[in-house]
Amino acid sequence: MKNTIYSIISAGFLLTSCGQKFKNWQVPKEVINSFEKEFKNKSPNWDKEDSNFEANFKLNDKTMSVLYDAKGNKLETEEDIAVVALPQQVRDYITQHYKNETIKEAAIITRAGGEINYEAEVKGMDILFDKDGHYIKTTKE
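Residues numbered from 1 in each chain as written. Predicted model: local features only at pLDDT ≥ 70, side-chain atom pairs only at ≥ 80, totals over all residues. Heavy atoms only, no water.

Just to check I follow, could you spell out the overall build of the chain for this structure?
A tally of helices and strands in the chain yields three helices and eight strands. Order of helices (α) and strands (β) in the chain, N terminus to C terminus: α-α-β-β-β-β-α-β-β-β-β. In the chain, buried positions account for 35% of the 141 residues. In the chain, the share of contacts with a sequence separation of at least 24, taken over all contacts with a separation of at least 6, comes to 35%. For the chain, the computed accessible surface area is about 9,300 Å², with 51% contributed by carbon and sulfur atoms. (Helix = DSSP H or I, 4+ residues; strand = E, 2+ residues; numbered from the N terminus. Buried < 20%, exposed > 50% of the residue type's maximum accessible area, 1.4 Å probe, protein only. Contact = heavy atoms within 4.5 Å. Areas by Shrake-Rupley, 256 points an atom, 1.4 Å probe, with all protein chains shown as cover.)

Here it is as structure tokens:
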């Protein structure tokens, strides 16, 4: 019986941590406090990204997300931008490597240490570039 209960709890935890939405009470207090300190009066939707917590919300009519570790340390901020706001080198790379495809979404990512990256979504993939528009990597969404 004990093993069955542990299996049910473990399965529930795994399902909860695989892209499922979280309620505020399911997010560590340290994460909530860090978010509320920087983004007063915002009500985010919470997701889990690996072992980290992602707050998704609107700020000044822009879609934003902030990623925190379980201790409330901010890891990165992502802000949607217009495709034309991507560096020309990024747009040229996409045109050259993904002929006849369009960039569905674009974002600027600011890592906790200040590093800037750009992200372009093409064909269900996120293509990451450095601040100068040099290709870094491609990942599935």
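How do you make sense of the environment of Lys48 when you look at a structure like this?
Tracing the chain through its elements places Lys48 in strand β1 (residues 45-49). In the structure, Lys48 is positioned 21 residues away from Val27 in sequence and 9.2 Å away in space, judged by C-alpha atoms.

Help me out: how do you make sense of the sheet that holds strand β6 (residues 116-122) in this one?
Strand-to-strand pairing in sheets goes through backbone hydrogen bonds, with the strands running parallel or antiparallel. Taking strand neighbours across the sheet as the criterion, the eight strands line up as β1-β2-β3-β4-β5-β6-β7-β8 in an open arrangement whose pairing is antiparallel. The sheet is open, and its two edges are formed by β1 and β8 (135-140), each paired on a single side. Taken over all neighbouring pairs, the strand axes of this sheet differ in orientation by 25° on average, direction set aside. Looking at chain direction, strand β4 (residues 74-81) and strand β5 (residues 105-111) are connected through six bridges and run antiparallel. Paired with Ile81 across the strands is Ala106, a residue of β5. The sheet strands contacting helix α2 (residues 29-38) are β1, β2 (52-59), β3 (62-68) and β4, and the helix crosses β3 at an angle near 140°. Along the sheet, helix α3 (residues 88-97) contacts β6, β7 (125-130) and β8; its crossing angle with β7, the most-contacted strand, is approximately 140°. (Pairing = 2+ DSSP bridges. Axes fitted to C-alpha atoms, helices over the stretch in contact; angles between N-to-C directions.)

Would you mind going over the nonpolar core with me for this structure?
Note on soluble globular proteins: their nonpolar side chains tend to be buried together. Among the nonpolar cores identified, the biggest contains 14 residues, and Leu86, Ile94, Tyr98, Ala120, Ile127 and Phe129 are the most heavily contacted of them. Those elements giving two or more residues to this core turn out to be α3, β6 and β7. Among all residues touching Phe129, those that are not within four sequence positions of it are Val90, Tyr93, Ile94, Asn117, Tyr118, Ala120, His134, Tyr135 and Ile136. In terms of nonpolar packing, the next biggest core, distinct from the first, is built from 13 residues, Val27, Ile32, Phe35 and Val66 among them. (Core = buried A, V, L, I, M, F, W, Y, C linked by side-chain atoms within 4.5 Å.)

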